[in-house]
Amino acid sequence: MTHFSLGHRLPYFLAKPLFGDRRRYGTVVDDSDPDWKYWIQHAYLDFYDQTQRGSIGEYVNQAGYEIMRAVNLDGANVLEIGPGLIRHLPYWSGRPACYTVADIMPEMLQRSRAVLAEHDVPFQEQVLIKNTPQLPFSDGMFDVIVSFYSLEHLCPMTPYISELVRVLRPGGQLVGAIPAEGGLAWGAGRFFTSRRWFKNHTHIDPDKIICWEHPNYADQILASLDSLLARRRLTYWPLTVPSIDLNLVIRFVYEKPGG
């Protein structure tokens, strides 16, 4: 199956307001940039809380979480990168033996810790080193890796995904969802939601943050996953047609060969 999206291939003057000014800013974060510093230090958590909780953003994200029903976590050693509030927990099938949460932001791990403790889930946590794909876990350590709305953030993408594959045991599964980034529906939706939030709450240039927060398009992510893992399930929401441009969320289950 070839993955394709028209949205980010539109003429530049049309693609720029939907997917950021990539010609000007590129996709690699400039940590010294004042807009980026303000975003990370002051705006990010407010944006997360206001656009992902009790809003259309939460509704869209919930559609992705349903894929967890397709994977059995009972007795499994599980890893999640960028877990946040672990909002997919109500969709779990089975109880993990240990749930490892990992993030570059300790404040986000505090939120994850509280959720897991509340539900009495055995867990470990790991603060990751920023700007390196290397994970501090041994080869084949995990039975299941959970990744919701995180693969679009990884730069450079392929080394990070290769690390996920390395720490997944043969026959283990990678389960999660990504936004249909680069698709027409996703770009238009962000234009009327997230971009409006930036305008109303900050002086940050959203064209810059969009490029740096979401360097990877959905078609690129799926192509990378297909090259490294065996696809077991791929579904689209809200429409069932396999189109990045017409949907907002892409749900997946991949398996590491050799099990």
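Structure: above.
Please read all numbers here as calculations on a predicted model, not as lab measurements.

1. Re empty space enclosed by the protein
Stage number 1. For the coordinates displayed, the defined rule picks out one cavity of 30 Å³ or more.
Stage number 2. Of the pockets and cavities examined, the largest cavity occupies roughly 30 Å³.
Stage number 3. Every residue lining the largest cavity is listed: I145, I161, L164, V165, L168, L174 and L229.
Stage number 4. Elements that contribute at least two residues to the lining of the largest cavity include exactly α6 (157-167) and β5 (168-179).
Stage number 5. With three residues, α6 is the single largest residue contributor to the lining of the largest cavity.

2. Thoughts on the packing of aromatic side chains
Stage number 1. Summed over all chains, the structure comprises 17 aromatic pairs.
Stage number 2. Here F47 and W197 contribute two aromatic rings whose centre-to-centre distance is 5.1 Å and whose plane-to-plane angle is 80°, an arrangement assigned as edge-to-face. Note that F47 is positioned in helix α3 (residues 34-52) and W197 in helix α8 (residues 194-201), a separation of 150 residues in sequence. Here the two residues F47 and W197 agree in accessibility, since each one is buried.
Stage number 3. A centroid spacing of 5.1 Å and a plane angle of 85° characterise the contact between F191 and F192, whose relative ring orientation is edge-to-face.
Stage number 4. Three or more aromatic residues link up through ring pairs in this structure, and these residues are W39, Y44, F47, W197 and F198.

3. Quick look at the pattern of salt bridges
Stage number 1. Here the structure, examined in full by the defined rule, presents 14 salt bridges.
Stage number 2. In this structure, R113 and E125 form a salt bridge, with 2.7 Å as the shortest nitrogen-oxygen distance. One end of the pair, R113, is in helix α5 (residues 106-118); the other, E125, is in strand β3 (residues 123-127), and 12 residues separate them in sequence.
Stage number 3. Of the residues examined, R113 reaches a relative accessible area of 33% and is grouped as partly exposed.
Stage number 4. A salt bridge links R166 to E163, with the nearest nitrogen and oxygen atoms 2.7 Å apart. Of this pair, R166 and E163 both sit in helix α6, three residues apart, which is roughly one turn of that helix.
Stage number 5. Through salt bridges with shared partners, a single ionic network connects K16, R195 and D207.

4. Considering helix α10 (residues 218-228)
Stage number 1. Within the span of α10, buried status applies to A218, D219, I221, L222, S224 and L225.
Stage number 2. Check the buried side of α10 and you find it contacts α6, β5, β6 (230-237) and β7 (249-255).

5. As for unusual backbone geometry
Stage number 1. Cis geometry marks the peptide bond from C155 to P156; its omega dihedral reads -5°.
Stage number 2. Along the chain, the position of P156 falls in the loop between β4 (142-148) and α6.
Stage number 3. In this model, W237 is joined to P238 through a cis peptide bond whose omega is 10°.
Stage number 4. Relative to the helices and strands, P238 resides in the loop between β6 and β7.

6. Brief notes about the pairing of β5
Stage number 1. Counted residue by residue, β5 has 10 buried out of 12 residues, so it is predominantly covered.
Stage number 2. Where β4 meets β5, six bridges bridge the pair, whose relative direction is parallel. Following the sheet pairing, F142 is matched in β5 by L168.
Stage number 3. What joins β4 to β5 is α6, and the crossover it makes is right-handed.
Stage number 4. Judged from the seven bridges that link them, β5 and β7 form a sheet pairing that is antiparallel. Directly across from V175, in β7, lies its bridge partner V253.

7. Brief notes about the sheet that holds β7
Stage number 1. The seven strands are arranged β3-β2-β1-β4-β5-β7-β6 in an open sheet whose pairing can be described as mixed. Looking at strand neighbours, the two that pair on one side only are β3 and β6, the edges of this open sheet. Neighbouring strand axes in the sheet, compared pairwise and without regard to direction, differ in orientation by 15° on average.
Stage number 2. With five bridges connecting them, strand β2 (residues 98-103) and β3 associate as parallel partners. Opposite V101, over in β3, you have E125 as the bridge partner.
Stage number 3. Along the sheet, α5 contacts β2 and β3; its crossing angle with β3, the most-contacted strand, is approximately 175°.

8. As for the side chain of E213
Stage number 1. Examined against the element boundaries, E213 turns out to sit in helix α9 (residues 206-213).
Stage number 2. The buried charged residue E213 lacks any salt bridge, with R190 as its nearest oppositely charged partner at 9.2 Å.
Stage number 3. Here W39 takes part through its side chain, which lies 2.6 Å from a polar atom of the side chain of E213.
Stage number 4. Residues within four places of E213 in sequence aside, it is in contact with W36, W39, Y44, E152 and H153.

Criteria and thresholds
Residues numbered from 1 in each chain as written. Predicted model: local features only at pLDDT ≥ 70, side-chain atom pairs only at ≥ 80, totals over all residues. Heavy atoms only, no water. 1 Å grid on protein atoms, 1.4 Å probe; cavity = no way out; pocket = protein on both sides within 12 Å on 5 of 7 lines; lining within 4 Å. Points joined across faces, edges and corners; volume = space filled by probe spheres on them. Helix = DSSP H or I, 4+ residues; strand = E, 2+ residues; numbered from the N terminus. Phe/Tyr/Trp six-rings, centres within 6.5 Å; stacked < 30°, edge-to-face > 60°. Buried < 20%, exposed > 50% of the residue type's maximum accessible area, 1.4 Å probe, protein only. Salt bridge = Lys/Arg side-chain N within 4 Å of Asp/Glu carboxyl O. Contact = heavy atoms within 4.5 Å. Pairing = 2+ DSSP bridges. Right-handed = clockwise from strand over helix to strand, strands pointing away. Axes fitted to C-alpha atoms, helices over the stretch in contact; angles between N-to-C directions. Lys, Arg positive; Asp, Glu negative; His and termini not counted. Polar contact = N/O pair within 3.5 Å; in protein donor to acceptor, adjacent residues only side chain to side chain.

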